[in-house]
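# Coordinate analysis (summary)
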Amino acid sequence: MFLKSVICLVAIAHLAVGIELKAEPDYGPVAYEFHYSVHDPHTGDIKSQKESRKDDKVEGSYELIDSDGHRRLVTYKSDAHSGFEAVVIREPTNIKIPVPEPHHKILTAAKVITPIHLTGIKPAPLVHYAPKPALLIKPVEGHAPSHGNFVSFSGPNHKYNY
């Protein structure tokens, strides 16, 4: 029993020595800011959003017009101390969302034709048509084919061909 305990302790010590913990590299400060808005009276699509981030603190808001005409405004923030917090405000507006009108088409038949039962006539065989199999061409490594639509991108350390 003592021998098993010693072997287990040696194995655990060997694993502990073999694991090297490394600190996550510091990529410097993180910061961005963006915003956009859409106002399309034809479809009733009215919305906007803005957001900014500095290190671990994010603040932003967005607003939109719901399908029932109410305005929804959401203001949010997030940081390492308090986590994600959002405040939602919903208020009525006088904006009317256009509802598309259905097309009423009336289909009428000019003449009703009844099938005629003919004897001695055999039906034609059922034929299935399928597209011809596509020819797949694999590009040679490093060379794009000379036909078709392709996109190439190359940088200092890599190259892509699509």
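An unreviewed UniProt entry annotates the protein chain as Cuticle protein 7 of Musca domestica.

## Some thoughts on the sheet that holds strand β4 (residues 71-79)
Taken together, 5 strands build an open sheet; the order of strands is β1-β2-β3-β4-β5 and the sheet is antiparallel. This sheet does not close on itself; its edge strands, each paired only once, are β1 (31-40) and β5 (83-91). Looking at each pair of strands side by side, their axes are set apart by 5° on average, direction ignored. Pairing geometry for β4 and β5, over 9 bridges, is antiparallel.

## A few points about the packing of aromatic side chains
Enumeration over the complete set of coordinates arrives at 3 aromatic pairs. Chaining the aromatic ring pairs together yields one cluster made of Tyr62, Tyr76 and Phe84.

## Considering the environment of Ile95
Residue placement: Ile95 occurs in the loop between β5 and β6 (152-154). Residue classification places Ile95 among the partly exposed residues on the basis of a relative accessible area of 31%. Residues Ile95 and Arg71, 24 residues apart in the sequence, show an inter-C-alpha distance of 9.1 Å. Not counting residues within four places of it along the chain, the set of residues in contact with Ile95 comprises Ile46, Ile65 and Gly69.

## Considerations on the pattern of salt bridges
What the rule picks out here adds up to 8 salt bridges. Across the salt bridge formed by Arg90 and Asp66, the nearest N and O atoms sit 3.0 Å from each other. Here Arg90 is found in strand β5, whereas its partner Asp66 is found in the loop between β3 (57-65) and β4, with 24 residues between them in sequence. With relative accessibility at 45%, the residue Arg90 sits in the partly exposed group. For Glu91, the salt bridge identified is with Arg71, shortest N-O distance 2.5 Å. Here Glu91, found in strand β5, pairs with Arg71, found in strand β4; they are 20 residues apart in sequence, far enough to count as distant. Among the charged side chains, a salt-bridge network with shared partners connects Asp66, Asp68, Arg72 and Arg90.

## A few points about the environment of Gly60
Its place among the elements puts Gly60 in strand β3. By relative accessible area, which is 12% here, Gly60 ends up buried. When neighbours within four sequence positions are excluded, Gly60 is seen to be in contact with Lys50, Glu51, Val74, Thr75 and Tyr76.

## Here's the deal with the pairing of β1
For β1, the buried fraction is low: 0 of the 10 residues fall into the buried class. Summarising the sheet, β1 and strand β2 (residues 45-54) pair through 10 bridges and their orientation is antiparallel. Note on β2: the bridge partner recorded for His35 is Lys50.

What counts, and at which threshold
- Residues numbered from 1 in each chain as written.
- Predicted model: local features only at pLDDT ≥ 70, side-chain atom pairs only at ≥ 80, totals over all residues.
- Heavy atoms only, no water.
- Pairing = 2+ DSSP bridges.
- Helix = DSSP H or I, 4+ residues; strand = E, 2+ residues; numbered from the N terminus.
- Axes fitted to C-alpha atoms, helices over the stretch in contact; angles between N-to-C directions.
- Phe/Tyr/Trp six-rings, centres within 6.5 Å; stacked < 30°, edge-to-face > 60°.
- Buried < 20%, exposed > 50% of the residue type's maximum accessible area, 1.4 Å probe, protein only.
- Contact = heavy atoms within 4.5 Å.
- Salt bridge = Lys/Arg side-chain N within 4 Å of Asp/Glu carboxyl O.

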